[in-house]
Amino acid sequence: MTQDELKQAVARAAIDYVVDGAIVGVGTGSTANFFIDELAKIKHRIKGAVASSEGTAVRLAAHGIAVFDLNDVDAMPVYIDGADEITASGAMIKGGGAALTREKIVASVATKFICIADGSKLVDVLGAFALPVEVIPMARAVVARKLAALGGTPRLRVKDNQPVLTDNGNVIIDVVGLHIADPVALERDINMIAGVVTVGLFAERGADVALLGTADGVRTLTF
């Protein structure tokens, strides 16, 4: 199976976790896009969705799915999103699509976080994928120095020779070369750095269920 076929398989499997008549939290990225396309097939069964990025909101609306502002939502049964890496304990690195802050906020409202990913994203230790950190632009240099002191190599994310900006107007520093033995502690340490909006470690609030696409079918892990 191709990677896209694996992503589509887990997107279909995630539909089983959608609660009828409720609002669904929806993530950002290629796997989440497959889920949105599957969600459109049952849109008559749900009240609507909360999007974790402007791009996700546009895709949901294009399918005729009502998009709610999170400020108008008290609770959600599930948040469904992908991951760049996930461990057997449910800790994740997210933020490859630069939506980590909104993803973390929307996930915090949901009762369950369902991670959907192809099986290659399951790792023993986080850190092979560069760790994204969303940073207030004026703090870019000082945050980079403090991230380097933690043992990684910080790199400003750029595209077409310009810094990549998040939907919140901030920059992303990707930290490479980390071996994250204690993701909860590192998440807390980085979030304490002045100028950091949030770090793409989802460990204090990790996944509750992971649906992993493999050549033998969808593998389900519960944490």
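Residues numbered from 1 in each chain as written. Predicted model: local features only at pLDDT ≥ 70, side-chain atom pairs only at ≥ 80, totals over all residues. Heavy atoms only, no water.

Colleague: Break down the overall build of the protein for me, citing the residues and quoting the values.
Modeller: Scanning the protein from terminus to terminus reveals six helices and 15 strands. Computed over C-alpha atoms, the radius of gyration of the protein comes to 17 Å, within 12% of the 17 Å expected from 2.2 N^0.38 for 223 residues, which places it in the range of a compact globule. The buried share of the protein, reckoned over its 223 residues, is 51%. Taking contacts inside the protein between residues at least 6 apart in sequence as the whole, the part at least 24 apart equals 72%. Accessible area for the protein stands at about 10100 Å²; split by element, carbon and sulfur atoms hold 51% of it. (Helix = DSSP H or I, 4+ residues; strand = E, 2+ residues; numbered from the N terminus. Rg over C-alpha atoms; globule rule 2.2 N^0.38 Å. Buried < 20%, exposed > 50% of the residue type's maximum accessible area, 1.4 Å probe, protein only. Contact = heavy atoms within 4.5 Å. Areas by Shrake-Rupley, 256 points an atom, 1.4 Å probe, with all protein chains shown as cover.)

Colleague: I'd love a proper account of the pattern of salt bridges, names of residues and values included.
Modeller: Pairing between side chains of opposite charge can happen when their charged atoms approach one another. The tally for this structure, following the rule as stated, stands at twelve salt bridges. Three or more residues joined by partner-sharing salt bridges are found here, namely Arg-12, Glu-38 and Lys-41. (Salt bridge = Lys/Arg side-chain N within 4 Å of Asp/Glu carboxyl O.)

Colleague: Account for a nonpolar patch on the surface, with residues named and values stated.
Modeller: On the surface, Ile-136, Met-138 and Val-197 cluster together to form a nonpolar patch covering roughly 300 Å² of accessible area. As for its placement among the helices and strands, Val-197 is situated in strand E12 (residues 196-199). The exposure class assigned to Val-197 is partly exposed, which follows from its relative accessible area of 32%. (Patch = residues over 30% accessible without salt bridge, like charges linked within 9 Å, V, L, I, M, F, W, Y side chains within 5 Å.)

Colleague: So what about the nonpolar core? Which residues, and what values?
Modeller: Ranked by size, the top nonpolar core spans 26 residues in total, and within it Val-18, Val-26, Phe-35, Leu-39, Leu-60, Ile-80 and Leu-211 carry the most contacts. Looking at this core, the elements that each hand over two or more residues are helix H1 (3-14), strand E1 (23-26), helix H2 (30-39), strand E2 (48-51), helix H3 (54-62), strand E3 (76-81), strand E6 (110-118) and strand E14 (209-214). With near-sequence residues (within four places) excluded, Leu-60 lies in contact with Val-26, Ile-36, Leu-39, Ala-49, Ala-51, Ile-65 and Val-67. By size, the runner-up hydrophobic cluster in this structure holds 22 residues, among which are Val-133, Ile-180, Leu-186 and Ala-203. (Core = buried A, V, L, I, M, F, W, Y, C linked by side-chain atoms within 4.5 Å.)

Colleague: Tell me about the sheet that holds E12, and please be specific about residues and values.
Modeller: As summarised here, the arrangement of the four strands in space is E8-E11-E7-E12, forming an open sheet in which the pairing is antiparallel. Either end of the sheet is taken by a strand with one partner, and the two such strands are strand E8 (153-156) and E12. Within the sheet, the average angular offset between the axes of one strand and its neighbour, ignoring direction, is 30°. Here four bridges tie E8 to strand E11 (residues 171-176), and the two strands are oriented antiparallel to one another. Looking at E11, one finds that Thr-153 is bridged to Val-176. (Pairing = 2+ DSSP bridges. Axes fitted to C-alpha atoms, helices over the stretch in contact; angles between N-to-C directions.)

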